[in-house]
Amino acid sequence: MKLRIRPSSSTDYTFTSTHGVTVAPESSSQPDNGSPELERDGSTAPQHLTQETSAAQTNERVHKPDESIANSTLAAASPTPSSAIDSLGVTLRFAQTLLKKLPDFVDGNPAKMALSLAKAIIETKDAVKDNMDSVERRIISTGAQLMILGTALKGRSSHSEEQAAMEEFERTLKDAYEKLNRLKGGSLARKIVDHENEKSEIKAILESVNEARINLELVTSIGVSRIAYAIEKDLKLTLLDRLKPSLIADHKHYLVGRQREALRRAVCTPGTRVYILGNIVEWANDTSPESQDIYWLFGPAGSGKSTIAYTVTRRFELTADDDDTIVLGGNFLCSRQFEETRYENAIVRTLVYHLALKCKVFADALCRSGKFETVHHDVRAQLEDLLVGPWRQSYPIMGNDSSSQRRYLVVIDALDEIEQQGGSSFLRDLLDVINDNPLPGLKFFVTSRPDTELVKHVESFDRKKIFRLQDVEKEKVQADIEKYLEASLPHCKGLNAMKSLLEFAGGSFICAATVVRHLTPTRPKLQPAEQKRLLGRMFPETVTPQSPQLTSKAAFLLDTLYLRILSDAFFDLEDEEFSMRLQILHTFLCTSEPVSASTATKLVCDDPDEADPASSLTAVADDVVSQLYAVIYTDGQQRILSYHKSFSDFIFDPHRSKEYRCDLEAQHQLLTMACFRVMNIGLKFNIANIPTSFILDSDNHGLPSQIEQNIPPALSYSSRNWSHHLSNTTSTTSDPLVKTLANFLQLRALFWIEAMNLLDVRGMCDPMLRVASNWVSKGTDHVALAQQLAEAASFAMYFSGSPASTGTLSDMESTLSTYPPFWHHWCAPELPIVESGGGKYGDHFVRVWNVSTGKVQSVLEGHTDLVGSVAFSSDGTRIVSGSGDKSVRVWDVSTGKVQSVLEGHTDQVASVAFSSDGTRIVSGSGDQSVRVWDVSTGKVQSVLVGHTRYINSVAFSSDGTLIASGSGDKSVMVWDASTGKVQSKLEGCTDWLGSVAFSSDGTRIVSGSDDKSLRVWDVSTGKVQSVLEGHRDDVNSVAFSSDDTHVVSGSDDKSVRVWDVSTGRVQSVLEGHTAWVRSVAFLSDGTRVVSGSDDQSVRVWDVSTGKVQRMQEGHRAGVWSVAFSSDGTRIVSGWGQSVRVWDVSTGKVQSVLEGHTGHVYSVAFSSDDTRIVSGAEDGYVRVWDASTGKVQSMLWTQSHSRTAGVRSVAFSSDGTRIVSGSNDKYVSVWDALTGKKLSVLKGRTEYLREDRRQYVNSVAFSSDDTRIVSCSGGKSIWVWDVSTGKVQSVLEGHTQYVNSVAFSSDDTHIVSGSDDKTLRVWGVSTGKVQSVLEGHTARVWSVAFSSDGARIVSGSDDKSVRVWDVSTGRVQSVLEGHTARVWSVAFSRDGTRIASGSDDGSVRVSDLQVGYYMEQEASDSNPDSTQTPTGWLLNEENRIMFVPLSANLPKPPCILVLSNSPSSFVCLEKAALGPQWHECYLPVSTGVASG
């Protein structure tokens, strides 16, 4: 909806509604002819009076009103003289016709009433043609207005503010109809007599309707205006929130107090800079196609660039001329005085914010793009995504006629004020991006100091304008400076000293400005006479000004002035005082951020706080600032800054500053030592005195004051900036900083990380420690220290990435508990234990598979940690592997032997690859380096350093000339393999790079990232060719097909995807893996893909069908049987063909008992835990020594000359006998000591007739060893008398096969589990079923009683474990987590824990009394979706600790998973939690403050 308010003596509103009707209310003061002033063409108001509301409304089609109605009503012709009779007839005919046309009944709807009345009036007008007087024409005009309004009101729903006006309009219409109908009913004679009164009455009635109409339209217009304002306000708030612009960088930002003192923004003194300002204005207003897009104004320090820029900015924003063709679109005034104006990453987002507020179409395009996350990316990405893209989309919408389009000027001032040469880098990016992507309608005005290399670069552009301030004639500049001085020091005008000052300043405005500042201090304010005297002292008449040839050099002028100011400030000081004050000044200028005088003195001196405040060093620092007020100042936060960068440049140049010079490296070394000194004194355990680890920082209302009290500014500065100062020094082996770092790393670093978290800058810890590691590596031989610092950095990164950082103590506790023991020697046993249980991913082996058979061809053993990457040489004779043990190994495929071990990496090796000729190997590591190795010698050829994060993937190009590496720093680097130099850096991914690969022709690179996308890059240009999106989680591996037409990718979303490179679309999605897909590759024929997954399978896929051709699962085996030791400290499991003994407290394998040649079906401990018995598919029962793992005896089952697999074994309670059940349908009893078979239990044949499978599934002794219970493949259960070998009873009731049986501890009950999905509890004495337990949804494989007989546990094909209450027959709990059938279950002796073994290859240990549970949350996008754990462990009252999801902690009540896959378990048994947290720290006699 558009609103225009046109000022005039009368009220006139015109608006276009969303219904497409233009409503033009009538003016309250009518023209002489009585006709209202209407717009014939339905046009809208001038652009500057039109408010746009929303994108949706902008895009609506706006229709013009029926022009035939409007034009007909505007036809105004003066009545011609006629006879009274003719006039009476015409008048009577008009009134009668109108009343006759009036309908008898009208719907009460206001729109319908208005339209009906309007229709009657219009029809009357058509009937009487042009024979109308002024009153009648007024009536006709009202009808036309009602017609338009009625049409607009059709289907319209009014808002609350319009409702009252709408109701009033409705009442007025109803009243009008009633009055008109009364007139309609009068006699013709009366109408003839009173025709004038009747017409006047009709006119009055319709005028009341018209007034109601005007009121309604006015209210509606105001409502529209409010909506437009609300939409504009919402848009502004959205842009402010998403773009996060700098407010202080805007020229309109009003500087007050200290800000104003620090940065005096002012326009050029009137009458100065006339030529250059005119040149800029002329360029800005030039609309010709030849006009340059960028105007770069540069000059030396103090030449007045910022004043010019500020003047230009104000000129086009506030004082624009009528003939200007351009308006200010955005501005950014850089300044090193403020945090938000001295970094280049804030410039683009601020300019875009300004431009979006000025240009609605651009704002809409920006919002549609949705790329606001780019504010966190580099400058080039911001320019392309936030400016270029949206502008190129929006500009065509503004109109095709460029001369009528609004044009915008963008001003960027003082880029040289940006930190660390960021300004030159920004300007280069801006110039390159605009040169590659012209932006019609935008012009850029930029100022900075000169940059020789950049000038050469810009000279090559066609569309640019460069203006060198130093090229302006000296006379013009001096004339401008003279005007400035006279305006600033009016009382000194005409003095000889003023002339000397003018000559001294030469062409440098900063010289003049510095002198003015020196003569006009804020406190004390100098009177005119004092100013004259001070100026006279500075430029006495007896002193001849500098020679003309020198005064033209700005640097010399500044040097002279600065030396004079310093000489005055340091005049007549003793050497010691001079050195101390100079040191304070150097500290002010060398700190990485502005600091207060107090902080500076704490860095300068060991003991800055003397008893007498008047003589304290801080007072000295304050006096230094006071004396040097012309060049440095104190801001609103009491921080010390210099007015201009030229002063610090002067101090840092020893040739210019002479005795006041600052040796930068020496000063940085001093400040580094000072930072560590301050941290050694101030850092301590629990520095903020947080009372309990259970409290979150957000809930600790006293925390801010504790932080302020215990982390004062000097400690805060030192903690955040020591690495900055360290990096600016040169490292040597004998450097005392080496020892300082080593001492810091022992324990202070841990306290430092805690303090950094409290300061909310924990993300800085990792890069700062890596700076230290690189510093040590570069110049010293302290390799171990460099590695320790790198490991500390990894710990810090792990810490900073923890979501537990909402609570400082809980975060520290969680990190120390879940990270490998780096600082654990400082921690007491009361630290919560989180350890890896079971195995790890893989088994440290490399397996070679035969693709055609799916069999393992060879297993390569030698690595001592996880193997993360493997690759074949092109001739297939060698394999290279990289491991977590930090080594690279080269293997001979034919022999399986190691050919060489390549060592040098200081962190795990994540990726390896051969060159195509097989002579070189490239490896990428967590130590952030890429290494190239000579295969023949095993020596490092080169170390490629440049990444700042873990390197996840490396690759050679096919010709071996290039190397690509992908890193956690979100970049791909392309290296020259022969020189080791970076050829290009590919940036654009928004998360870690997981994989890179070259196309076979070397022209493209494909990368996979944790941002869920793949990118295809052009190697020659470094540009992205296409972005492939479709994965729902991290992309771990990518590869090209041999013909480069397709790419395959594997992801954490468990899928493999094949992409068409030419279209960027998914060709097929290969699904089947049940865990993350870690690695993918095409086979050489291009028709098949191989993938490896965390589900421990390798799959070969047919690309055309998407089907799995072959699946190898050689890395896991099902667990058929589990049993607890009687003391509950160990678990024995049957695992594939081996027996494994696990330590329950650590989750580690204690021993692997090998010897069986078939699946191990059953295992059990003897009652004294000294022996283990196992039964296997190979027909043997083996008895093992539990302490040594040696076989004590082997019992061979044989029947009718064939081997029978042993399905079940058990010890008698006294350990003297063993019972076994086997596939030959017999139950055997053995002497456990001699291994002799004591008896074979055979049942009557009628009970065996139903036994289709002919094997005994389960056997068990009664606790008094007098009975054995067994079940076979049939539906019955047999109870045997051990002494006689006879069947005591047969228990029948199951309807399908019985798989498991067990006695209760008191031998009064037997429980059984069956294929019929039920458990049955039997009375031993009666042989009757006492209860049937139902709940499983598939066959029950295993059952067991708790030692007290009160509970039963069962495992089923439905993947669940269920715990039953024997007395009620109800389920107490369902334990889930297994991903395949559960073969075996067992209770611990005390009944608190349950072990379950599954076909998924794991043993799960569940604690029925576990003291914590996992916090769960639903997806934000789908609250009804399955909840997932957050990582927080909670008890009934508190958050205990955070365990990252990557630790794979099982969901309680499961506390431990024993498998080849990594998992973790938490031990809180001795943990000091909550208020006892401090007990986790062991203060020792190291002089460390414990807090």
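Keep in mind that what you see is a predicted model, and the values were worked out from it rather than measured.

Draft legend 1. Main features of the overall build of the chain. Along its length, the chain carries 35 helices and 71 strands. Counting only residues that meet the buried cut, the chain has 55% of its 1491 residues in that class. Pairs at least 24 residues apart make up 56% of the contacts formed inside the chain by residues separated by at least 6 positions. Of the roughly 64,500 Å² that the chain leaves accessible, carbon and sulfur atoms contribute 49%.

Draft legend 2. Quick look at the sheet that holds strand β53 (residues 1267–1272). Spatially, the four strands line up as an open sheet ordered β52-β53-β54-β55, and their pairing is antiparallel. If you trace the sheet from one side to the other, it starts and ends with β52 (1256–1261) and β55 (1287–1292), each paired once. On average, each strand axis in the sheet is inclined to that of its neighbour by 20°, with strand direction left out of account. Sheet topology note: the β53/strand β54 (residues 1276–1281) ladder contains five bridges and is antiparallel. The residue of β54 that forms the bridge with C1271 is I1277.

Draft legend 3. Spatial organisation of the confidence of the model for the chain. With 75% of its residues at a pLDDT of 70 or more, the chain has an overall mean of 78. Below pLDDT 50 for its whole length, residues 610–615 participates in five contacts with residues either more than four positions away or in separate chains. Ignoring residues within four places in sequence, the model shows residues 1244–1252, a span with pLDDT below 50, making 16 contacts including any to other chains.

Draft legend 4. Up close: helix α10 (residues 274–285). Look at α10: 16 Å from first C-alpha to last across twelve residues, which is about the 16 Å you get at 1.5 Å a residue. Residues of α10 that are buried: I276, L277, N279, I280, V281, W283, A284 and N285.

Draft legend 5. Main features of the environment of Y717. Among the secondary structure elements, Y717 is positioned in helix α30 (residues 713–727). For the pair Y717 and V595, spaced 122 residues apart in the sequence, the C-alpha separation amounts to 8.1 Å. In this view, Y717 contacts T591, S592, E593, V595, T599, L603, C675 and H725; residues no more than four positions away in its chain are not counted. A distance of 2.9 Å separates a polar side-chain atom of Y717 from the backbone nitrogen of S592.

Draft legend 6. The sheet that holds strand β62 (residues 1361–1365), seen in detail. The strand order β60-β61-β62-β63 describes an open sheet built from four strands, whose pairing is antiparallel. Each having just a single partner strand, β60 (1340–1345) and β63 (1371–1375) make up the two edges of the open sheet. On average, each strand axis in the sheet is inclined to that of its neighbour by 20°, with strand direction left out of account.

Draft legend 7. A look at the side chain of S1270. Tracing the backbone through its elements, the reader meets S1270 in strand β53. Residue class for S1270 comes out buried when judged on its relative accessible area of 4%. Looking at S1270, its side chain comes within polar contact range of the side chain of W1280, at 2.8 Å.

Draft legend 8. Spatial organisation of the side chain of H1156. Along the polypeptide, H1156 turns up in the loop between β41 (1148–1154) and β42 (1160–1165). The class of H1156 is buried, set by a relative accessible area of 5%. Side-chain polar atoms of H1156 contact the side chain of S1174, separated by 2.8 Å. In contact with H1156, other than residues within four places in its own chain, are Q1137, S1174, A1176, D1178, Y1180, R1182 and W1184.

Draft legend 9. Quick look at a negative patch on the surface. On the surface, D572, E574, D575, E576 and E577 cluster together into a patch of negative charge. Among the residues examined, E577 registers a relative accessible area of 41% and is labelled partly exposed.

Draft legend 10. Molecular detail of the packing of aromatic side chains. Evaluated as defined, the whole model comprises 25 aromatic pairs. Ring geometry for Y562 and F647: centres 5.1 Å apart, planes at 75°, overall edge-to-face. In this pair, Y562 is assigned in helix α22 (residues 554–569) and F647 in helix α26 (residues 645–652), connecting sequence segments 85 residues apart. Of the two residues, Y562 and F647, both sit in the buried class. Pairwise contacts between aromatic rings join F362, W391, Y395 and Y408 into one cluster. One Lys or Arg, R1140, reaches over the ring of W1135 and ends 4.7 Å from the middle of that ring. Positioned above the aromatic ring of Y1180, the side-chain terminus of R1182 is 5.6 Å from the ring centre.

Draft legend 11. Structural view of the pattern of salt bridges. By the definition in use, this model includes 22 salt bridges. The salt bridge partner of K371 is D385, with a shortest N-O separation of 3.9 Å. With K371 in the loop between α13 (360–369) and α14 (379–394) and D385 in helix α14, the pair connects residues that are 14 residues apart, well separated along the chain. The exposure class assigned to K371 is partly exposed, which follows from its relative accessible area of 37%. Between R1381 and D1357 there is a salt bridge, and its shortest N-O distance comes to 3.0 Å. Here D1357 lies in the loop between β61 (1351–1356) and β62 and R1381 lies in the loop between β63 and β64 (1382–1387), a separation of 24 residues in the sequence. If you follow the salt bridges from partner to partner, you end up with D250, K252, E317 and K358 in one network.

Draft legend 12. Examining the nonpolar core more closely. Of all hydrophobic cores here, the largest spans 105 residues; its most connected members are L585, L628, F647, W722 and W752. At 14 residues, the largest contribution of residues to this core is made by helix α31 (residues 736–758). Beyond its immediate chain neighbours, meaning those up to four positions away, L585 contacts L566, F570, L628, I632, F647 and I651.

Calculation rules
- Residues numbered from 1 in each chain as written.
- Predicted model: local features only at pLDDT ≥ 70, side-chain atom pairs only at ≥ 80, totals over all residues.
- Heavy atoms only, no water.
- Helix = DSSP H or I, 4+ residues; strand = E, 2+ residues; numbered from the N terminus.
- Buried < 20%, exposed > 50% of the residue type's maximum accessible area, 1.4 Å probe, protein only.
- Contact = heavy atoms within 4.5 Å.
- Areas by Shrake-Rupley, 256 points an atom, 1.4 Å probe, with all protein chains shown as cover.
- Pairing = 2+ DSSP bridges.
- Axes fitted to C-alpha atoms, helices over the stretch in contact; angles between N-to-C directions.
- pLDDT = per-residue confidence, 0-100.
- Expected span 1.5 Å × (residues − 1).
- Polar contact = N/O pair within 3.5 Å; in protein donor to acceptor, adjacent residues only side chain to side chain.
- Patch = residues over 30% accessible without salt bridge, like charges linked within 9 Å, V, L, I, M, F, W, Y side chains within 5 Å.
- Salt bridge = Lys/Arg side-chain N within 4 Å of Asp/Glu carboxyl O.
- Lys, Arg positive; Asp, Glu negative; His and termini not counted.
- Charge placed at Lys NZ, Arg CZ, Asp CG, Glu CD.
- Phe/Tyr/Trp six-rings, centres within 6.5 Å; stacked < 30°, edge-to-face > 60°.
- Lys NZ or Arg CZ within 6 Å of the ring centre and 35° of its normal.
- Core = buried A, V, L, I, M, F, W, Y, C linked by side-chain atoms within 4.5 Å.

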